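# Results of the structural survey
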Amino acid sequence: MSDQKRNFIGGAWVAGDTAANINPSDLTDIVGHYARADAAQAQDAIAAAKAAFPAWSRSGLMERHAILRRASDEIQARKEELGQLLSREEGKTLAEGIGETVRAAQIFDFFAGEALRLTGETVASVRPGVGVEVTREAVGVVGIITPWNFPIAIPAWKLAPALCYGNTVVFKPADLVPGSAWALVDILQRAGLPDGVLNLVMGRGSVVGQAIAESRDVDALTFTGSVSTGATLAMESAKLMRKSQMEMGGKNPFVVLADADLDVAVDCVTQGAFYSTGQRCTASSRIIVEDAIHDQFVAALSERISALTVGDALDAETQIGPVVDETQLAQNEEYIRIGEAEGARLVIGGERLARPTEGFFQRPALFADCTNDMRIAREEIFGPVATVIRVADYDAALDVANDTDFGLSAGIATTSLKHATDFKRNAEAGMVMVNLPTAGVDFHVPFGGRKASSFGPREQGRYAAEFYTTVKTAYTSA
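Residues numbered from 1 in each chain as written. Predicted model: local features only at pLDDT ≥ 70, side-chain atom pairs only at ≥ 80, totals over all residues. Heavy atoms only, no water.

## As for the pattern of salt bridges
In this structure the tally under the stated criterion is 26 salt bridges. We note a salt bridge from R352 to E333, for which the minimum N-O separation is 2.7 Å. In this pair, R352 sits in the loop between strand 14 (345-348) and strand 15 (365-370) while E333 sits in helix 11 (residues 326-342), placing the two residues 19 residues apart along the sequence. Overall, the relative accessible area of 39% leaves R352 in the partly exposed class. Among the charged side chains, a network of salt bridges with common partners joins E74, R78, E81, D186 and R190. (Salt bridge = Lys/Arg side-chain N within 4 Å of Asp/Glu carboxyl O. Helix = DSSP H or I, 4+ residues; strand = E, 2+ residues; numbered from the N terminus. Buried < 20%, exposed > 50% of the residue type's maximum accessible area, 1.4 Å probe, protein only.)

So this is what it looks like as C-alpha coordinates:
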(Lines give C-alpha, C1' and ligand atoms only; values in the text may rest on other atoms or scores of the structure.)
Protein backbone atom coordinates (compact mmCIF):
# COMPACT_ATOMS: atom_id res chain seq x y z
CA MET A 1 0.00 0.00 0.00
CA SER A 2 1.55 3.30 -1.13
CA ASP A 3 0.44 5.35 1.88
CA GLN A 4 1.58 2.79 4.44
CA LYS A 5 3.50 4.15 7.40
CA ARG A 6 6.45 1.80 7.63
CA ASN A 7 8.67 0.46 10.37
CA PHE A 8 12.05 2.12 10.84
CA ILE A 9 14.98 -0.32 11.03
CA GLY A 10 18.66 0.51 10.71
CA GLY A 11 17.95 3.96 9.29
CA ALA A 12 15.52 2.74 6.59
CA TRP A 13 11.73 2.68 6.37
CA VAL A 14 10.73 -0.98 5.98
CA ALA A 15 7.34 -2.26 4.79
CA GLY A 16 5.32 -5.04 6.37
CA ASP A 17 1.81 -6.39 6.66
CA THR A 18 -0.65 -3.52 7.03
CA ALA A 19 -3.25 -2.78 9.69
CA ALA A 20 -5.73 0.10 9.72
CA ASN A 21 -5.63 2.58 12.61
CA ILE A 22 -9.29 3.30 13.50
CA ASN A 23 -10.69 6.38 15.25
CA PRO A 24 -12.74 5.19 18.29
CA SER A 25 -14.89 8.33 18.02
CA ASP A 26 -15.87 7.51 14.43
CA LEU A 27 -15.36 3.97 13.20
CA THR A 28 -15.57 5.13 9.57
CA ASP A 29 -12.49 7.33 10.05
CA ILE A 30 -9.23 5.54 9.23
CA VAL A 31 -6.36 7.46 10.81
CA GLY A 32 -3.85 5.67 8.60
CA HIS A 33 -2.42 2.33 7.53
CA TYR A 34 0.58 1.17 9.55
CA ALA A 35 3.02 -1.67 8.98
CA ARG A 36 3.19 -4.57 11.37
CA ALA A 37 6.62 -6.07 11.83
CA ASP A 38 7.25 -9.80 12.01
CA ALA A 39 9.72 -11.56 14.29
CA ALA A 40 12.49 -11.42 11.66
CA GLN A 41 12.15 -7.65 11.34
CA ALA A 42 12.26 -7.33 15.10
CA GLN A 43 15.53 -9.28 15.09
CA ASP A 44 16.86 -7.00 12.33
CA ALA A 45 16.02 -3.99 14.50
CA ILE A 46 17.84 -5.48 17.50
CA ALA A 47 20.87 -6.22 15.34
CA ALA A 48 20.87 -2.66 14.00
CA ALA A 49 20.70 -1.23 17.52
CA LYS A 50 23.53 -3.48 18.68
CA ALA A 51 25.72 -2.40 15.78
CA ALA A 52 25.04 1.29 16.40
CA PHE A 53 25.69 1.16 20.15
CA PRO A 54 29.53 1.51 20.29
CA ALA A 55 29.58 4.77 18.34
CA TRP A 56 26.44 6.29 19.85
CA SER A 57 27.41 5.47 23.45
CA ARG A 58 30.65 7.41 22.89
CA SER A 59 29.07 10.28 20.98
CA GLY A 60 29.59 13.86 22.10
CA LEU A 61 27.29 15.42 24.66
CA MET A 62 26.48 18.34 22.37
CA GLU A 63 25.39 15.95 19.62
CA ARG A 64 22.88 14.25 21.91
CA HIS A 65 21.76 17.55 23.38
CA ALA A 66 21.17 19.09 19.96
CA ILE A 67 19.16 16.11 18.64
CA LEU A 68 16.90 15.96 21.68
CA ARG A 69 16.43 19.72 21.65
CA ARG A 70 15.51 19.74 17.95
CA ALA A 71 12.97 17.00 18.60
CA SER A 72 11.48 18.98 21.49
CA ASP A 73 11.19 22.11 19.37
CA GLU A 74 9.42 20.30 16.52
CA ILE A 75 6.98 18.53 18.83
CA GLN A 76 6.11 21.84 20.47
CA ALA A 77 5.71 23.60 17.11
CA ARG A 78 3.37 20.85 15.87
CA LYS A 79 1.39 20.40 19.10
CA GLU A 80 -2.04 21.02 17.54
CA GLU A 81 -1.39 18.65 14.62
CA LEU A 82 0.12 15.91 16.79
CA GLY A 83 -2.51 16.41 19.48
CA GLN A 84 -5.25 15.90 16.92
CA LEU A 85 -3.57 12.74 15.62
CA LEU A 86 -3.32 11.44 19.19
CA SER A 87 -6.98 12.18 19.93
CA ARG A 88 -8.13 10.58 16.71
CA GLU A 89 -6.36 7.31 17.36
CA GLU A 90 -6.72 7.00 21.16
CA GLY A 91 -9.95 8.86 21.91
CA LYS A 92 -8.94 11.33 24.61
CA THR A 93 -10.25 14.87 24.14
CA LEU A 94 -8.39 17.27 21.87
CA ALA A 95 -7.40 19.41 24.85
CA GLU A 96 -5.92 16.34 26.53
CA GLY A 97 -4.23 15.26 23.29
CA ILE A 98 -2.56 18.64 22.84
CA GLY A 99 -1.62 18.71 26.52
CA GLU A 100 0.01 15.31 26.27
CA THR A 101 1.93 16.41 23.18
CA VAL A 102 3.25 19.45 25.02
CA ARG A 103 4.31 17.16 27.85
CA ALA A 104 6.30 15.07 25.38
CA ALA A 105 8.08 18.23 24.18
CA GLN A 106 8.87 19.17 27.77
CA ILE A 107 10.32 15.74 28.46
CA PHE A 108 12.67 15.92 25.47
CA ASP A 109 13.67 19.43 26.50
CA PHE A 110 14.47 18.23 30.02
CA PHE A 111 16.65 15.36 28.82
CA ALA A 112 18.36 17.59 26.26
CA GLY A 113 19.54 19.51 29.30
CA GLU A 114 20.41 16.33 31.19
CA ALA A 115 22.75 15.36 28.34
CA LEU A 116 24.89 18.34 29.37
CA ARG A 117 24.64 17.55 33.07
CA LEU A 118 26.14 14.06 33.08
CA THR A 119 28.23 13.83 36.22
CA GLY A 120 30.30 11.37 38.21
CA GLU A 121 32.27 11.37 41.43
CA THR A 122 35.91 11.56 42.32
CA VAL A 123 36.42 10.23 45.83
CA ALA A 124 39.36 9.51 48.05
CA SER A 125 40.48 5.91 48.39
CA VAL A 126 41.12 4.27 51.72
CA ARG A 127 44.51 3.38 50.26
CA PRO A 128 47.21 6.06 49.97
CA GLY A 129 48.17 6.96 46.42
CA VAL A 130 45.01 5.53 44.84
CA GLY A 131 42.31 7.59 43.11
CA VAL A 132 38.71 6.50 42.69
CA GLU A 133 36.28 7.63 39.98
CA VAL A 134 32.60 6.66 39.87
CA THR A 135 30.92 7.19 36.51
CA ARG A 136 27.73 6.20 34.69
CA GLU A 137 27.71 4.56 31.28
CA ALA A 138 24.99 3.53 28.85
CA VAL A 139 23.48 0.09 29.42
CA GLY A 140 23.36 -0.97 25.77
CA VAL A 141 20.38 -1.93 23.60
CA VAL A 142 17.15 -0.93 25.35
CA GLY A 143 13.85 -2.56 24.42
CA ILE A 144 10.92 -0.17 24.90
CA ILE A 145 7.32 -1.43 24.94
CA THR A 146 4.62 1.19 25.51
CA PRO A 147 0.84 1.14 26.11
CA TRP A 148 -2.04 2.68 24.19
CA ASN A 149 -3.37 5.12 26.78
CA PHE A 150 -0.57 7.73 26.50
CA PRO A 151 0.60 7.30 22.89
CA ILE A 152 3.22 10.07 22.89
CA ALA A 153 4.02 10.96 26.51
CA ILE A 154 5.02 7.48 27.69
CA PRO A 155 7.18 6.82 24.61
CA ALA A 156 8.77 10.23 25.23
CA TRP A 157 9.63 9.52 28.85
CA LYS A 158 11.29 6.26 27.86
CA LEU A 159 12.96 7.30 24.59
CA ALA A 160 14.37 10.62 25.79
CA PRO A 161 16.45 9.26 28.71
CA ALA A 162 17.48 6.17 26.76
CA LEU A 163 18.96 8.35 24.02
CA CYS A 164 20.25 11.00 26.41
CA TYR A 165 22.47 8.52 28.23
CA GLY A 166 23.85 6.93 25.05
CA ASN A 167 21.72 3.80 24.65
CA THR A 168 20.34 2.50 21.38
CA VAL A 169 16.68 1.55 21.16
CA VAL A 170 14.23 -0.98 19.75
CA PHE A 171 10.79 0.58 20.24
CA LYS A 172 7.45 -1.26 20.03
CA PRO A 173 4.37 0.91 20.60
CA ALA A 174 0.94 -0.48 21.38
CA ASP A 175 -0.76 -2.01 18.35
CA LEU A 176 -3.85 0.19 18.85
CA VAL A 177 -2.00 3.53 18.57
CA PRO A 178 0.89 3.39 16.08
CA GLY A 179 0.32 6.89 14.68
CA SER A 180 1.77 8.99 17.49
CA ALA A 181 4.74 6.64 17.83
CA TRP A 182 5.47 6.76 14.10
CA ALA A 183 5.34 10.58 14.12
CA LEU A 184 7.69 10.71 17.10
CA VAL A 185 10.24 8.41 15.49
CA ASP A 186 10.02 10.39 12.25
CA ILE A 187 10.80 13.58 14.18
CA LEU A 188 13.75 12.00 15.99
CA GLN A 189 15.35 10.51 12.90
CA ARG A 190 15.10 13.85 11.09
CA ALA A 191 16.59 15.55 14.16
CA GLY A 192 19.84 13.77 13.31
CA LEU A 193 20.00 10.38 15.02
CA PRO A 194 22.58 8.12 13.34
CA ASP A 195 21.30 5.01 11.57
CA GLY A 196 20.42 2.16 13.92
CA VAL A 197 20.26 4.24 17.10
CA LEU A 198 16.45 4.26 17.12
CA ASN A 199 14.42 1.46 15.55
CA LEU A 200 10.62 1.31 15.35
CA VAL A 201 8.88 -2.06 15.09
CA MET A 202 5.11 -1.71 15.17
CA GLY A 203 2.93 -4.77 15.52
CA ARG A 204 1.49 -7.34 17.88
CA GLY A 205 2.94 -7.90 21.31
CA SER A 206 2.73 -11.66 20.83
CA VAL A 207 5.07 -11.36 17.85
CA VAL A 208 7.21 -8.23 18.13
CA GLY A 209 7.14 -7.88 21.91
CA GLN A 210 7.98 -11.54 22.33
CA ALA A 211 10.95 -11.27 19.98
CA ILE A 212 12.31 -8.32 21.96
CA ALA A 213 11.72 -10.06 25.30
CA GLU A 214 13.50 -13.25 24.26
CA SER A 215 16.57 -11.64 22.68
CA ARG A 216 19.86 -11.93 24.50
CA ASP A 217 21.05 -8.86 22.59
CA VAL A 218 18.56 -6.63 24.42
CA ASP A 219 20.44 -5.38 27.50
CA ALA A 220 17.53 -3.68 29.26
CA LEU A 221 13.76 -3.82 28.89
CA THR A 222 11.27 -1.14 29.93
CA PHE A 223 7.55 -1.81 29.74
CA THR A 224 4.31 -0.08 30.67
CA GLY A 225 1.11 -2.11 30.55
CA SER A 226 -0.81 -4.84 32.30
CA VAL A 227 0.32 -6.66 35.44
CA SER A 228 0.19 -10.08 33.78
CA THR A 229 2.35 -9.02 30.83
CA GLY A 230 4.73 -7.09 33.05
CA ALA A 231 5.22 -10.09 35.33
CA THR A 232 5.94 -12.32 32.34
CA LEU A 233 8.46 -9.86 30.91
CA ALA A 234 10.15 -9.43 34.29
CA MET A 235 10.60 -13.20 34.61
CA GLU A 236 11.94 -13.43 31.06
CA SER A 237 14.42 -10.66 31.85
CA ALA A 238 15.49 -12.39 35.06
CA LYS A 239 16.33 -15.52 33.07
CA LEU A 240 18.58 -13.43 30.84
CA MET A 241 20.11 -11.51 33.79
CA ARG A 242 19.21 -8.15 32.27
CA LYS A 243 17.81 -4.95 33.72
CA SER A 244 14.06 -4.55 33.62
CA GLN A 245 11.63 -1.80 34.50
CA MET A 246 7.91 -2.58 34.68
CA GLU A 247 5.16 -0.01 35.19
CA MET A 248 1.87 -1.81 35.55
CA GLY A 249 -1.56 -1.37 37.06
CA GLY A 250 -3.24 0.62 39.79
CA LYS A 251 -6.34 0.57 41.97
CA ASN A 252 -5.76 3.98 43.39
CA PRO A 253 -7.55 5.25 46.50
CA PHE A 254 -8.80 8.79 47.00
CA VAL A 255 -9.82 9.57 50.57
CA VAL A 256 -12.43 12.24 51.30
CA LEU A 257 -12.50 13.32 54.94
CA ALA A 258 -15.37 15.11 56.64
CA ASP A 259 -13.33 18.30 56.89
CA ALA A 260 -12.63 18.40 53.13
CA ASP A 261 -13.70 21.25 50.89
CA LEU A 262 -16.54 19.49 49.05
CA ASP A 263 -15.96 21.30 45.76
CA VAL A 264 -12.26 20.44 45.84
CA ALA A 265 -13.02 16.79 46.59
CA VAL A 266 -15.57 16.50 43.77
CA ASP A 267 -13.20 18.21 41.31
CA CYS A 268 -10.34 15.89 42.27
CA VAL A 269 -12.43 12.74 41.88
CA THR A 270 -14.08 13.85 38.63
CA GLN A 271 -10.73 14.56 37.04
CA GLY A 272 -8.92 11.62 38.57
CA ALA A 273 -11.58 8.97 37.96
CA PHE A 274 -13.21 9.97 34.68
CA TYR A 275 -11.01 12.25 32.57
CA SER A 276 -9.09 10.47 29.82
CA THR A 277 -12.13 8.15 30.02
CA GLY A 278 -10.64 6.66 33.18
CA GLN A 279 -7.98 4.97 31.05
CA ARG A 280 -5.03 5.87 33.27
CA CYS A 281 -3.05 3.67 35.63
CA THR A 282 -3.18 6.60 38.08
CA ALA A 283 -6.99 6.94 37.91
CA SER A 284 -8.94 7.26 41.18
CA SER A 285 -10.95 4.04 41.17
CA ARG A 286 -11.61 3.62 44.92
CA ILE A 287 -13.20 6.65 46.58
CA ILE A 288 -13.02 6.21 50.35
CA VAL A 289 -15.36 8.64 52.07
CA GLU A 290 -15.79 9.44 55.76
CA ASP A 291 -19.33 8.72 56.96
CA ALA A 292 -20.17 12.30 58.00
CA ILE A 293 -19.75 13.62 54.43
CA HIS A 294 -20.57 10.44 52.48
CA ASP A 295 -24.14 11.14 51.34
CA GLN A 296 -23.45 14.77 50.50
CA PHE A 297 -20.36 13.81 48.52
CA VAL A 298 -22.08 11.03 46.54
CA ALA A 299 -24.96 13.37 45.63
CA ALA A 300 -22.59 16.14 44.53
CA LEU A 301 -20.39 13.77 42.50
CA SER A 302 -23.43 12.17 40.84
CA GLU A 303 -24.67 15.61 39.83
CA ARG A 304 -21.25 16.45 38.37
CA ILE A 305 -21.15 13.17 36.42
CA SER A 306 -24.60 13.79 34.96
CA ALA A 307 -23.40 17.11 33.58
CA LEU A 308 -20.31 15.69 31.83
CA THR A 309 -20.40 15.80 28.04
CA VAL A 310 -19.42 12.49 26.43
CA GLY A 311 -18.73 12.57 22.72
CA ASP A 312 -16.34 12.81 19.80
CA ALA A 313 -12.81 13.50 21.05
CA LEU A 314 -12.34 16.32 18.52
CA ASP A 315 -15.53 18.17 19.52
CA ALA A 316 -14.65 21.24 21.57
CA GLU A 317 -17.63 20.60 23.87
CA THR A 318 -16.55 17.06 24.75
CA GLN A 319 -15.22 16.43 28.25
CA ILE A 320 -15.06 12.63 28.09
CA GLY A 321 -14.08 10.90 24.87
CA PRO A 322 -14.78 7.33 23.79
CA VAL A 323 -13.36 4.13 25.25
CA VAL A 324 -10.39 3.02 23.14
CA ASP A 325 -11.98 -0.02 21.47
CA GLU A 326 -14.78 -2.59 21.61
CA THR A 327 -12.79 -5.04 23.74
CA GLN A 328 -12.19 -2.45 26.45
CA LEU A 329 -15.79 -1.25 26.34
CA ALA A 330 -17.09 -4.81 26.70
CA GLN A 331 -14.79 -5.30 29.69
CA ASN A 332 -16.13 -2.12 31.29
CA GLU A 333 -19.69 -3.33 30.78
CA GLU A 334 -18.86 -6.70 32.32
CA TYR A 335 -17.56 -4.95 35.43
CA ILE A 336 -20.81 -2.99 35.65
CA ARG A 337 -22.66 -6.31 35.73
CA ILE A 338 -20.19 -7.73 38.26
CA GLY A 339 -20.65 -4.72 40.56
CA GLU A 340 -24.43 -5.00 40.54
CA ALA A 341 -24.22 -8.75 41.15
CA GLU A 342 -21.93 -8.15 44.12
CA GLY A 343 -24.53 -5.89 45.70
CA ALA A 344 -23.04 -2.49 44.94
CA ARG A 345 -25.50 0.27 44.07
CA LEU A 346 -25.08 1.79 40.62
CA VAL A 347 -25.74 5.46 41.32
CA ILE A 348 -25.33 6.65 37.74
CA GLY A 349 -23.89 5.71 34.39
CA GLY A 350 -22.29 2.67 32.82
CA GLU A 351 -24.47 2.47 29.71
CA ARG A 352 -23.37 2.80 26.09
CA LEU A 353 -24.28 6.09 24.49
CA ALA A 354 -25.44 6.78 20.95
CA ARG A 355 -23.78 9.69 19.22
CA PRO A 356 -23.93 11.09 15.63
CA THR A 357 -20.96 8.90 14.70
CA GLU A 358 -20.55 5.25 15.58
CA GLY A 359 -17.98 4.94 18.37
CA PHE A 360 -17.25 3.40 21.75
CA PHE A 361 -19.06 5.89 23.98
CA GLN A 362 -19.94 5.12 27.61
CA ARG A 363 -21.39 7.26 30.37
CA PRO A 364 -19.05 7.41 33.41
CA ALA A 365 -20.27 5.06 36.14
CA LEU A 366 -20.37 5.55 39.91
CA PHE A 367 -21.02 2.73 42.39
CA ALA A 368 -21.91 3.32 46.05
CA ASP A 369 -22.48 0.92 48.97
CA CYS A 370 -19.25 -0.85 48.04
CA THR A 371 -16.95 -2.86 50.25
CA ASN A 372 -13.23 -3.21 49.69
CA ASP A 373 -13.48 -6.96 49.10
CA MET A 374 -15.67 -6.59 46.00
CA ARG A 375 -14.03 -7.34 42.66
CA ILE A 376 -14.91 -3.86 41.38
CA ALA A 377 -12.93 -2.46 44.32
CA ARG A 378 -9.92 -4.76 43.90
CA GLU A 379 -9.40 -5.37 40.17
CA GLU A 380 -8.21 -2.71 37.74
CA ILE A 381 -11.07 -1.90 35.36
CA PHE A 382 -9.22 0.72 33.28
CA GLY A 383 -12.36 2.60 32.35
CA PRO A 384 -14.64 5.39 33.63
CA VAL A 385 -15.89 3.38 36.60
CA ALA A 386 -15.41 4.43 40.23
CA THR A 387 -16.48 2.84 43.51
CA VAL A 388 -17.37 4.64 46.76
CA ILE A 389 -16.55 2.96 50.07
CA ARG A 390 -17.97 4.41 53.31
CA VAL A 391 -15.67 4.46 56.38
CA ALA A 392 -16.04 5.67 59.95
CA ASP A 393 -12.95 7.85 60.31
CA TYR A 394 -9.46 8.66 59.06
CA ASP A 395 -7.82 5.57 60.54
CA ALA A 396 -10.31 3.30 58.79
CA ALA A 397 -9.83 5.25 55.56
CA LEU A 398 -6.06 4.73 55.68
CA ASP A 399 -6.48 1.02 56.35
CA VAL A 400 -8.82 0.62 53.36
CA ALA A 401 -6.58 2.77 51.14
CA ASN A 402 -3.62 0.48 51.84
CA ASP A 403 -5.62 -2.76 51.56
CA THR A 404 -4.82 -3.42 47.89
CA ASP A 405 -2.35 -5.35 45.78
CA PHE A 406 -1.39 -2.10 44.04
CA GLY A 407 0.51 0.96 45.18
CA LEU A 408 0.91 3.51 42.40
CA SER A 409 -0.91 6.69 43.46
CA ALA A 410 -3.03 7.70 46.46
CA GLY A 411 -4.88 10.92 47.20
CA ILE A 412 -6.68 12.67 50.03
CA ALA A 413 -9.00 15.66 50.28
CA THR A 414 -8.71 17.33 53.68
CA THR A 415 -8.14 20.69 55.33
CA SER A 416 -6.32 19.02 58.23
CA LEU A 417 -2.55 19.43 58.22
CA LYS A 418 -2.33 16.56 60.70
CA HIS A 419 -4.17 14.11 58.47
CA ALA A 420 -2.46 15.33 55.29
CA THR A 421 0.96 14.85 56.88
CA ASP A 422 0.08 11.43 58.24
CA PHE A 423 -1.34 10.30 54.89
CA LYS A 424 1.76 11.40 52.98
CA ARG A 425 3.89 9.35 55.37
CA ASN A 426 1.73 6.24 55.69
CA ALA A 427 -0.05 5.80 52.34
CA GLU A 428 1.53 2.74 50.69
CA ALA A 429 1.96 4.28 47.26
CA GLY A 430 4.79 5.61 45.14
CA MET A 431 3.02 8.95 44.66
CA VAL A 432 0.73 10.79 47.09
CA MET A 433 -1.57 13.72 46.29
CA VAL A 434 -3.13 16.13 48.81
CA ASN A 435 -6.15 18.05 47.48
CA LEU A 436 -5.10 17.09 43.94
CA PRO A 437 -6.29 14.34 41.57
CA THR A 438 -4.40 11.05 41.74
CA ALA A 439 -3.79 11.40 38.00
CA GLY A 440 -1.51 14.26 36.96
CA VAL A 441 2.24 14.30 37.58
CA ASP A 442 5.26 16.49 36.83
CA PHE A 443 7.83 15.37 34.26
CA HIS A 444 10.98 16.26 36.22
CA VAL A 445 10.41 14.09 39.31
CA PRO A 446 10.20 10.32 39.83
CA PHE A 447 7.18 8.35 38.60
CA GLY A 448 6.40 4.86 39.86
CA GLY A 449 4.75 2.79 42.53
CA ARG A 450 4.99 -0.11 44.94
CA LYS A 451 3.60 -3.64 45.23
CA ALA A 452 2.15 -4.95 41.93
CA SER A 453 2.16 -1.49 40.34
CA SER A 454 5.87 -1.21 39.60
CA PHE A 455 9.04 -3.26 39.43
CA GLY A 456 12.52 -1.85 39.00
CA PRO A 457 13.91 1.70 39.10
CA ARG A 458 11.68 4.77 38.86
CA GLU A 459 10.92 6.59 35.63
CA GLN A 460 11.27 10.30 34.75
CA GLY A 461 13.46 13.11 36.02
CA ARG A 462 17.01 12.52 37.14
CA TYR A 463 15.97 9.19 38.66
CA ALA A 464 15.71 7.80 35.11
CA ALA A 465 19.50 7.43 35.17
CA GLU A 466 19.12 4.52 37.59
CA PHE A 467 17.66 2.38 34.82
CA TYR A 468 19.24 3.75 31.66
CA THR A 469 22.83 3.74 32.94
CA THR A 470 25.15 1.36 34.73
CA VAL A 471 27.68 2.46 37.35
CA LYS A 472 31.43 1.94 36.88
CA THR A 473 34.04 2.38 39.61
CA ALA A 474 37.61 2.94 38.36
CA TYR A 475 40.77 2.86 40.53
CA THR A 476 44.08 4.48 39.52
CA SER A 477 47.38 4.19 41.29
CA ALA A 478 49.49 7.31 41.31
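## Quick notes on the environment of R103
Turning to its location among the elements, R103 is positioned in helix 4 (residues 94-114). Residue R103 is classed as partly exposed on the basis of its relative accessible area of 24%. A C-alpha to C-alpha distance of 8.7 Å links R103 and I152, two positions 49 residues apart in sequence. Leave out the neighbours within four places in its chain, and R103 touches A153, V441, D442 and F443. (Contact = heavy atoms within 4.5 Å.)

## Re empty space enclosed by the protein
For the structure on display, the rule yields 2 cavities of 30 Å³ or more. Estimated volume of the largest cavity: approximately 100 Å³. Lining the largest cavity are 15 residues, with G278, A283, S285, F382 and G383 sitting closest to its centre. Its residues assigned to classes, the lining of the largest cavity shows 6 nonpolar, 6 polar and 3 charged. (1 Å grid on protein atoms, 1.4 Å probe; cavity = no way out; pocket = protein on both sides within 12 Å on 5 of 7 lines; lining within 4 Å. Points joined across faces, edges and corners; volume = space filled by probe spheres on them. Nonpolar A, V, L, I, M, F, W, Y, C, P; charged D, E, K, R; others polar.)

## Things to note about the side chain of S59
By the element assignment, S59 lies in the loop between helix 1 (39-57) and helix 2 (61-77). Exposure remark for S59: the relative accessible area of 11% places this residue in the buried category. Among the polar contacts listed, one links the side chain of S59 to the backbone oxygen of W56, at a separation of 2.6 Å. (Polar contact = N/O pair within 3.5 Å; in protein donor to acceptor, adjacent residues only side chain to side chain.)

## What to know about the layout of surface pockets
In this structure, the largest pocket occupies an estimated 920 Å³ of space. Among the elements of the structure, helix 7 (205-214), strand 10 (220-224), helix 8 (227-239) and helix 11 are those that each provide at least two residues to the lining of the largest pocket. The biggest single contributor to the lining of the largest pocket is helix 8, with 6 residues. Its residues assigned to classes, the lining of the largest pocket comprises 16 nonpolar, 16 polar and 6 charged.

## Side note on the packing of helix 3 (residues 79-90) against helix 4
In contact at an axis separation of 7 Å, helix 3 and helix 4 are set at 120° when each is read in the N-to-C sense. By the angle class used here, helix 3 and helix 4 are oblique. Considering the relative orientation of helix 3 and helix 4, their crossing is right-handed. Residues K79, E80, L82, G83, Q84, L86 and S87 of helix 3 lie in contact with helix 4, whose contacting residues are L94, G97, I98, E100, T101 and V102. (Axes fitted to C-alpha atoms, helices over the stretch in contact; angles between N-to-C directions. Parallel < 35°, antiparallel > 145°, perpendicular 65-115°, else oblique. Left-handed = near helix turned anticlockwise from the far one by under 90°.)

## A few points about the sheet that holds strand 15
If you trace the 7 strands from one edge of the open sheet to the other, you get 14-15-16-13-12-18-19, paired in mixed fashion. Every interior strand has two partners, whereas the edge strands, strand 14 and strand 19 (431-434), have only one. Neighbour-to-neighbour, the strand axes of this sheet turn through a mean angle of 25°, independent of strand direction. Relative to strand 19, strand 18 (residues 409-413) is paired through 4 bridges, and the arrangement is parallel. Bridge pairing links I412 to V434 in strand 19. (Pairing = 2+ DSSP bridges.)

## Description of a nonpolar patch on the surface
Nonpolar side chains collect at one region of the surface, where L61, M62, L116 and L118 lie side by side and expose about 350 Å² of accessible area between them. Within the secondary structure layout, M62 lies in helix 2. (Patch = residues over 30% accessible without salt bridge, like charges linked within 9 Å, V, L, I, M, F, W, Y side chains within 5 Å. Areas by Shrake-Rupley, 256 points an atom, 1.4 Å probe, with all protein chains shown as cover.)

## Quick notes on the side chain of S416
By the element assignment, S416 lies in the loop between strand 18 and helix 14 (417-426). Take S416: its relative accessible area is 15%, and that puts it in the buried class. For S416, the side chain forms a polar contact with the main-chain nitrogen of H419, separated by 3.0 Å.

## Digging into the sheet that holds strand 5 (residues 121-124)
Strand order in the open sheet formed by 3 strands is 5-6-22, and the pairing between neighbours is antiparallel. Strands with a single pairing partner mark the edges of an open sheet, and in this sheet they are strand 5 and strand 22 (469-477). The sheet shows a mean angle of 25° between the axes of neighbouring strands, taken without regard to direction. The pairing of strand 5 with strand 6 (residues 130-138) spans 4 bridges and is classified as antiparallel. Within the sheet, the bridge partner assigned to A124 lies in strand 6 and is G131.

## Considering the nonpolar core
Core analysis: the biggest nonpolar cluster contains 67 residues, and F108, F111, L159, F171 and L188 have the highest contact counts within it. The element best represented in this core is helix 5 (residues 153-164), accounting for 9 residues. (Core = buried A, V, L, I, M, F, W, Y, C linked by side-chain atoms within 4.5 Å.)

## Remarks on the packing of aromatic side chains
Scanning the entire structure with this criterion turns up 8 aromatic pairs. For the ring pair F8 and W13, a centre distance of 4.6 Å and an interplane angle of 45° mean the geometry is tilted. Between F110 and F443, the aromatic rings sit 6.3 Å apart at their centres with planes inclined by 75°, giving edge-to-face as the arrangement. Of the two residues, F110 is situated in helix 4 and F443 in the loop between strand 19 and strand 20 (450-451); the sequence distance between them amounts to 333 residues. Take F110: its relative accessible area is 15%, and that puts it in the buried class. By relative accessible area, F443 is classed as partly exposed at 21%. Through pairs of rings, three or more aromatic residues link up here, namely F110, F111, Y165 and F443. Positioned above the aromatic ring of F150, the side-chain terminus of K92 is 3.7 Å from the ring centre. (Phe/Tyr/Trp six-rings, centres within 6.5 Å; stacked < 30°, edge-to-face > 60°. Lys NZ or Arg CZ within 6 Å of the ring centre and 35° of its normal.)

In short, shape yes, function no, at least from these values alone.
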